[in-house]
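# Observations on chain architecture
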Amino acid sequence: MTEGSDLVALAAGVLALVALIVAVVLAVNLRRMRSAQQVVLGEYGSTDLIAHASELQLAFEALHQHVEEVVTRLEERMATAEDRLDGTIAYRALVRYDAYGELSGHQSTTIALLDAGHNGVVISTIAHRDTARMYCKQVHAGRGEHELSPEEAEAVRLALAGEVGSVTLD
């Protein structure tokens, strides 16, 4: 029976040796994995990858929330700026003419200044040899609050047509 027990002891020794080799291989692999994990985690090496990923997720969520808040504020500011821009002069035209039929060099002028809603003013300066008069009329939606002279109507038309430069009427 000693031969049988010798075989069992030998098999147990071989099995223990195989287990020892497997344990050493696993220990080496674990050391490599921890070393790689240390490279990924950097100064956060005391945590594991799952905790690190969770921290990164929380940081990205906080960043996303901050970006959303900034976008909301920028959209509000942009809407305010667009509202203010709609009230600025968007259309303008200048018409020169000789109001009295004299050969005075077309010294009378009418200027139309309108916003994006076609609201604004028409300013006319009628020049004569000795005097000059100035008239101003409100314009709402492209129409005069009071009846516009032909020169004033032409200035509004030219402004809304987007024609650039001054026009001289004969």
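Criteria and cut-off values
The numbers attached to residues start from 1 for each chain and follow its sequence in the written order. Reporting in this predicted model follows two pLDDT cut-offs: at least 70 for local features of residues, and 80 or more for side-chain atom pairs to be given and counted; totals over whole chains, interfaces and linings ignore these cut-offs and use all residues. As a convention, hydrogens and water are excluded, and side-chain values are obtained from all of the structure's heavy atoms. Here a strand is any run of E in DSSP of at least two residues, a helix any run of H or I of at least four, and the numbering for each starts at the N terminus. For each residue, the accessible area found with a 1.4 Å probe, counting protein chains only, is set against the maximum for its type, and the residue is called buried under 20%, exposed over 50%, and partly exposed in between. Strands were regarded as paired on the criterion that DSSP finds at least two bridges between them. Expected helix span is taken as 1.5 Å per residue step, with the number of steps being one fewer than the number of residues. Think of it as the arc spanned by the lines of direction from the helix axis to the C-beta atoms. Throughout this description, a polar contact denotes any pair of N or O atoms lying within 3.5 Å of each other; where both atoms belong to protein, one of them has to be capable of donating a hydrogen while the other can accept it, and for residues adjacent in sequence the pair is counted only when both atoms sit in side chains.

### Topic: unusual backbone geometry
- Positive phi outside glycine occurs at His-118, with the angle close to 65°.
- Residue position: His-118 is located in the loop between β2 (108–114) and β3 (120–127).
- Positive phi, normally seen in glycine, also occurs at Ala-141, with a value near 55°.
- With respect to the element layout, Ala-141 can be found in the loop between β4 (132–140) and β5 (143–144).
- Assessed through its relative accessible area of 56%, Ala-141 is described here as exposed.

### What to know about the pairing of β4
- Here β3 runs beside β4; their pairing, made up of eight bridges, is antiparallel. Within β4, the residue paired with Ala-127 across the bridge is Ala-132.
- Between β3 and β4, which pair antiparallel and follow one another directly, the connecting turn spans four residues.
- Hairpin connection between β4 and β5: a loop of two residues separates the two successive antiparallel strands, and Ala-141 in this loop has a positive phi of roughly 55°.

### Concerning helix α3 (residues 150–161)
- An ideal rise of 1.5 Å per residue puts 16 Å on 12 residues; α3 measures up with 16 Å between its terminal C-alpha atoms.
- Restricting attention to buried positions, one finds in α3 the residues Glu-152, Ala-155, Val-156, Leu-158 and Ala-159. Down the axis of α3, the sector holding all buried residues measures 165°, keeping them to one side.
- Immediately beyond the C-terminal end of α3, within one or two residues, lies Gly-162, with a positive phi of roughly 80°.

### Description of the side chain of Glu-152
- With respect to the secondary-structure elements, Glu-152 resides in helix α3.
- At a separation of 2.9 Å, a polar atom in the side chain of Glu-152 contacts the side chain of Lys-137.

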